[in-house]
Each structure stands twice: as C-alpha cells, then as structure tokens.
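Examining the three-dimensional arrangement
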Amino acid sequence: MAVKSSIQNTLKNPKIEKNVNNSSGIKLPTENKLNESNIIILKRENNFKSIGTHCLCRISPKVNEIIKSQVKDKIIHIASFDLDDTLIKTKTGRKFSSSANDWKWWSDNVTEIIKNWLNEKSDNDANNILKLVVIFTNQGAVVNTTKLSTYSKSLDTFMNKINNILNSDEFKDIPNILYAATKKSAADKKAKTGQPMSLPHTFNEKVPLAIIGGTGLYKLDSLTPVAKLTIATPWGHPSSPITISKTETGMPIAFLARHGQTHNLLPSDVPNQANIAALKSIGVKIIIAFSAVGSLQEHIKPRDFVIPNQIIDRTKGIRKSTFFEKGFVAHAGFGDPFDNKIGKIISDTCTDILVNENGIKDGLHKLHTKSNDNGDDLTLICMEGPAFSTRAESKLYKSWGGSVINMSCVPESKLAREAEISYQMICMSTDYDAWREDAEPVTVETVVGNLKSNSKNAHLFSEHLIKVLEPLILNGEIGNDLTGSMKMSVSTSSNGRDKAVLEKMHYLFPGYWPLSDESR
Ligand SMILES: CSC[C@H]1O[C@H](OP(=O)(O)O)[C@H](O)[C@@H]1O
Ligand SMILES: Nc1ncnc2[nH]cnc12
C-alpha cells in the first residue's frame, strides 16, 4: 500500500478507534487519567501510548528519528501487516501466547522479506521515498489484570511480548508503528486480505521464460510486475523474491536478482540450487542470464556484449554444483553448456541493438557471437573470486583461448542443465581484466563505471530479446530440447535409491522416478 502524505500528519492524528461506544474490551486510560485502579498502565514502557479509549500505539525509535528529520514532501510507502499468524505464531502451538516469550517468526524469512522490500529501490522517486511498516493487531482477549492466574492475558504480558518482538535483533532496525486494538470492534481498522502489499504473492500460470540479473541489473524497467513470489525449495530460498511480469501479449516472465536485490551475496554464496529449483517450480523452460565480465581479448572491448558458447570452470569446488547426491546418482551432458539454438537466434536478431552513451547506434559497441566472430568459440572462464585474477592467471586464461571471465556462470548453467532448462548467458564486458601490461588491473570502480553505461544496453537488449523469443516459446520452437533428458541419465538402480533424495527429485521432476517400495 503506497501512501502519499505527510508522515507527521498521519502520526499526529491516527484516526484509529474513534467512535467506540461499546464498553467491552479493555479500556485504556489516557496519560492524565491514571489512578490506582488502572495502575497497570503505569508499567507502560518503550513508546507505548493509548489513543482514544481502546487502542495502544507503539512507535519505534527508528520512526521517531524519521519524524524528527525533514519529511515534508516525501512520499511515504507503508507495508502493513496483521501480527498473529502473519508475522508471528506461538512457540507452544497454542492459539494465544502463554507468556511474553511464547512467540516465534511465522517463517524463517519473514524479516528478510520485509528488509528486502525496505531496501528495494523504486525507479525515479528512490530518493524521495520513506518506507515503514505498520502492524495492526486486534487484542480483544487482553484483560486488565495483575492476578497471576490470568497474567498471561494481561496488558503487561502483551506489551512485554510486543517489546520482545519489535526490539529483537531481526526487527529493531525496521522502522515500524504498531496499533493494537483492545476490543474486537476495531477489526475493521486492520489491514484486510489483499490490502497489505502492493503485489500478490501467488501466481497460478506457468512462467516459461526467466531472466537472471547479475551485477548492475536488479530489475527490468520495461516490464510491469504483476506478482512477487517468495519460494521455498528443498534447497532453501532463492537469492531474492522472484518478480513476475507479463508481456504486452500476456506471456509471464520471471526475474531473479542473482546477488539479491541489494547485491548482498558473494559469487560463492549465491544459492544456485534454490534459484534454479524455484524457477523450475514455476514452469521455467528458458533462462536468459546476464553477467558482467572481464574481457580476455583485445577485440572484445569494454561495453561490448558477448554470447559465449563454451565454459572453462575455474571455481574451487566449494559451490554446490549438482542436485544429485549419494543415493541418487545421475550425470547431465554438458559438452555444449549453453543453448546454441538460442545463441544463434540472438546472433541473428540482436546485432543492431547496442547504443553509445548518448543513446545513439553508432556501431561502436559490438555484439560478439560465434557466428559473427568467424565461427570461433567464445569461451567464458568462470573463476571463484571474490578477488579478481592475478596478471599471471589472466594471461594464462588468455593463452587458453578464453574470451571473457566472470564469477557466476558455474554452477548456475550446470544446475539449469540438470533441471532440463535451456540456458544462455549474455555477457556485458566491463574491463580488460589484468592481462594488459600497459594498463591497471581491473577494479570494481572500472566494472561499475562501465556497467552504468551498459545498463541502458542491458535493458534495451532484454526488451528486444523478449519480443523475439516470445513467439518461438509459444509455438514450442525453443525451450523443449532438454525435456526428458535427465530421465535417461540416472546411474543408481531403483533398489539403491535413497527415498529422501528421491523426494527432492520429485520437486524438480514430478513423476519421473516413482517412490517405489524398492528404494531405501
Ligand atoms: C562486481 S565485479 C565481479 C562480479 O561481477 C560479475 O557478476 P555477475 O556475473 O552476477 O554479473 C562477476 O561474475 C562477479 O560476481
Ligand atoms: N575481470 C573480471 N573478472 C571476473 N569477473 C568479472 N566481472 C566483471 N569483470 C570481471
């Protein structure tokens, strides 16, 4: 829910719990009406305030800082949530908490999802937007008591619980306001289903095409998102939520930020298994993956694009590079690691896309493909990183015939092959790595500088490519070449198969390998 208003007005005049005339529920005294009978309210701590007669409000220190700062003319984006069974649940499994500590996060990634939203950059207004979280909760069961027998239901216990939650390490940096209605009739003030976040979290159509964005490409500007999915796989959660958009003619496309939306993942820490498994689970058949690369050849200039057709794996074996494991052994073919059909389509249709800094097609920035470059292989070296190569390593890779170098095509491409997803990487050259004696070796500054100019081209390129691929996907010409390939690639006989591993395989390949009685 995006709210364009002055935050000060919103906070000074919270129109919650006015017009309450039913006397059930706990009646909260205002500051100047404290007396012996409502002494419990004296224990009110950490920013709790009563509003009207039946509503407590707690404004976090972070929001107070925001209010004090200059917020006039800012756009406020609010994500609002219910509390129980949305953000938290009880540890004991009971409906109501039995103590101030009887709560846990509703799922492992609740706070991560909120932080991702807070850190997401919006397009043009990014610097003008303030984001905060508002929690609405009905607490009609809370009673004004100091009796030990009912203490778990007391206002004290409730306020302590709220402080435990909102001051927790996971939540304390999230700017938040909580409204708690201490009688049921306030239910209509809460966020309703469908109201809380701007995008739905479910999407029921199959999504045939996915774009993975690398360094400098964290979302696709040309597409309007229709859903944002947080997917749990047997291999964990993907790097970021998966955004679903639709083309003008209605084909769904997924977008995933490889290093997370805030680029908080090292190349070695990218959860590649979860990324590929999550994309497979929504029906993806083709992945177009963008990557910033160093050039190992003079003629591949910074800001040129390269469609590689070969890989040399120089990662160090610390990345999880297969879905298979002890108890279920299979071997995917990887001689041609990319989808050559898609590579050729790109070569034939995208040579005239790249522009210079002024947005003009002057032919300065070239698209290198096997067919455009005299039929020579274009080989992508994948190193572990995160430090860049030494000059000696860089020269070695060049002498091997390497064309470009990055830190991310393995195991992403290998796992896509195992999942029977056609995969093509689009490399955006950003530097000459370290092999040139007369030049400084690559730094992040050089990469980012060139990426800024490249990013326009990345957007133009993907926009055009989606238009080219859509009809070919819809008529089945691309994206089906690997279907069924893994069925025939298993080595473990049915009586040697591990049931737990087989269950994970079902996530990727439902129906391929039945959980027979023979498996262990
Ligand atoms: C920031 S330079 C090194 C970094 O850039 C590339 O990222 P990506 O492939 O995700 O675009 C490279 O692989 C390294 O991870
Ligand atoms: N020189 C380089 N080495 C590895 N990954 C890179 N990504 C961009 N430039 C790179």
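These numbers were taken from a predicted model, which means no experiment stands behind them. Throughout, residues of each chain are indexed from 1 in the direction in which the sequence is written. Chain A is the first chain written and ligand 1 is the first ligand written, with later ones labelled in order. Local features in a predicted model are, by the rule used here, given only for residues with pLDDT of at least 70; side-chain atom pairs are given and counted only at 80 or more, and totals for whole chains, interfaces and linings are based on all residues.

1. Examining the overall build of the chain
Note the following rule: A helix here means a DSSP run of H or I that spans at least four residues, while a strand means a run of E at least two residues long, and both kinds are numbered starting from the N terminus. With C-beta atoms placed from the backbone, a residue counts as buried when 20 or more other C-beta atoms lie within 10 Å of its own, as exposed when 12 or fewer do, and as partly exposed for counts between those limits. Residues are defined as contacting one another if the C-beta atoms placed from their backbone atoms lie within 7 Å.
Summing up its helical and strand segments, the chain has ten helices and 19 strands in all. Burial status across the chain gives 39% buried among its 520 residues. Residue pairs in contact within the chain that sit at least 24 positions apart in sequence constitute 77% of those at least 6 positions apart.

2. A word on the UniProt feature "binding site: substrate" (unreviewed entry) in the chain
We apply this condition: UniProt positions are given in the numbering used here, feature names are shortened, and annotations may be inferred rather than shown by experiment.
Per the UniProt record, "binding site: substrate" (unreviewed entry) is found at Met-407, Asp-431, Tyr-432 and Asp-433. Along the polypeptide, Tyr-432 turns up in the loop between strand E19 (422–431) and helix H9 (444–474). Owing to 21 C-beta atoms within 10 Å, Tyr-432 belongs among the buried residues under this scheme. Each residue touching Tyr-432, except ones within four places of it in the same chain, is listed here: Gly-294, Ser-295, Pro-302 and Ala-439. Its place among the elements puts Asp-433 in the loop between E19 and H9. Excluding its chain neighbours within four sequence positions, the residues that come into contact with Asp-433 are Gly-294, Ser-295, Leu-296, Ser-389, Ser-394, Ile-405 and Val-442.

3. Here's the deal with the UniProt feature "binding site: phosphate" (unreviewed entry) in the chain
Sites flagged by UniProt as "binding site: phosphate" (unreviewed entry) map to Thr-215, Arg-258, His-259, Ser-291, Ala-292 and Ser-408. Taking the farthest pair of C-alpha atoms as the criterion, the annotated set spanning 194 residues converges on one region, since that pair is 12.2 Å apart. Residue position: Arg-258 is located in the loop between strand E12 (252–257) and helix H5 (272–281). Overall, the presence of 25 C-beta atoms within 10 Å leaves Arg-258 in the buried class. Tracing the backbone shows Ser-291 in strand E13 (residues 286–295). For Ser-291, a count of 26 C-beta atoms within 10 Å puts it in the buried group. The contacts of Ser-291, once residues within four sequence positions are left out, are Gly-214, Asn-406, Ser-408, Cys-409, Met-425 and Cys-427.

4. Details of helix H6 (residues 340–349)
The condition is simple: An arc is given here, and it is the one of the directions from the helix axis to the C-beta atoms.
Within H6, the full set of buried residues consists of Ile-342, Gly-343 and Ile-346. The buried residues of H6 occupy one face: seen down the axis, they fall within an arc of 105 degrees.

5. What to know about the pairing of E19
Across a regular strand the side chains alternate sides, sitting on one face of the sheet and then on the other. Condition: At least two bridges found by DSSP between two strands is the condition for calling them paired.
Counted residue by residue, E19 has ten buried out of ten residues, so it is predominantly covered. Where E13 and E19 come together, nine bridges link them in parallel fashion. Across the sheet, Gly-294 pairs through a bridge with Asp-431, a residue of E19.

6. A look at the environment of Asp-433
Judged by the 27 C-beta atoms lying within 10 Å of it, Asp-433 is buried. Spatially, the C-alpha atom of Asp-433 lies 9.6 Å from that of Gln-297, the residues being 136 residues apart in sequence.

7. Quick notes on the site of ligand 2
Counted only if it meets this: Nearness rests on one distance test: the residue's C-beta atom, set from the backbone, must lie within 6 Å of the molecule or strand. In the scheme used here, Gly and all other residues not listed as nonpolar or charged are polar, with Ala, Val, Leu, Ile, Met, Phe, Trp, Tyr, Cys and Pro taken as nonpolar and Asp, Glu, Lys and Arg as charged.
Around ligand 2, the surrounding shell holds 13 residues, and the nearest of these are Ala-292, Gly-294, Asn-406, Asp-433 and Val-442. Elements that contribute at least two residues to the shell around ligand 2 include exactly E13, strand E18 (404–406) and E19. The dominant element in the shell around ligand 2, judged by the number of residues it contributes, is E13, at three residues. Its residues assigned to classes, the shell around ligand 2 comprises eight nonpolar, three polar and two charged.

8. Quick look at the nonpolar core
Applicable threshold: We define a nonpolar core as a collection of buried residues of the types Ala, Val, Leu, Ile, Met, Phe, Trp, Tyr and Cys that are connected via C-beta atoms lying within 7 Å of each other. A domain assignment, automatic or from a database, supplies the domain bounds used here.
Counting 82 residues, the largest nonpolar core has Ala-210, Ala-254, Leu-279, Val-284 and Ile-287 as its most contacted members. Viewed by domain, this core spans two of them, domain 2 (209–323 + 335–474) and domain 3 (485–520), each represented by three or more residues. If we ignore the near neighbours within four places in the chain, the residues touching Ala-254 are Val-207, Ala-210, Ile-242, Ile-244, Leu-279, Ile-282 and Val-284. Counting 31 residues, the second largest nonpolar core, distinct from the first, contains Leu-132, Val-142, Phe-158 and Leu-166.

9. What to know about the site of ligand 1
As a structural note, the neighbourhood of ligand 1 is formed by 13 residues, with Gly-214, Ser-291, Asn-406, Met-407 and Ser-408 the closest of them. Put simply, the parts of the chain that give the shell around ligand 1 at least two residues each are E13 and H9. Class assignment of the residues belonging to the shell around ligand 1 gives a composition of five nonpolar, seven polar and one charged.

10. Focus: unusual backbone geometry
Peptide bonds are mostly trans, and most non-glycine residues show a negative phi. Cis peptide bonds are those with omega within 30 degrees of zero, and the linkage from Gly-385 to Pro-386 qualifies with 0 degrees. Take Pro-386: it is sitting in the loop between strand E17 (379–383) and helix H7 (391–399). Val-410 connects to Pro-411 through a cis peptide bond whose omega is 10 degrees. For Asp-85, which is not glycine, the phi dihedral falls at a positive 65 degrees. Relative to the assigned elements, Asp-85 resides in the loop between strand E4 (75–82) and strand E5 (88–89). Taking the C-beta count within 10 Å as the criterion, Asp-85 has 10 such neighbours and is therefore assigned exposed.

11. Comments concerning the confidence of the model for the chain
For the record, the criterion: The predictor attaches a confidence to each residue, and that confidence, scored 0 to 100, is pLDDT.
Residues with a pLDDT of 70 or more make up 84% of the chain, whose mean pLDDT is 84. Note on residues 31–45: pLDDT is under 50 here. Beyond four places in sequence and across chains, it has 15 contacts. Both confidence scores are given for the complex: pTM 0.67, ipTM 0.99.

12. Considering the environment of Met-251
As for its placement among the helices and strands, Met-251 is situated in the loop between strand E11 (242–246) and E12. Of the residues examined, Met-251 has 18 C-beta atoms within 10 Å and is grouped as partly exposed. Separated by 223 residues in sequence, Met-251 and Leu-474 place their C-alpha atoms 8.5 Å apart. Filtering out sequence-adjacent residues up to four positions away, Met-251 remains in contact with Pro-208, Lys-246, Glu-470, Ile-473 and Leu-474.

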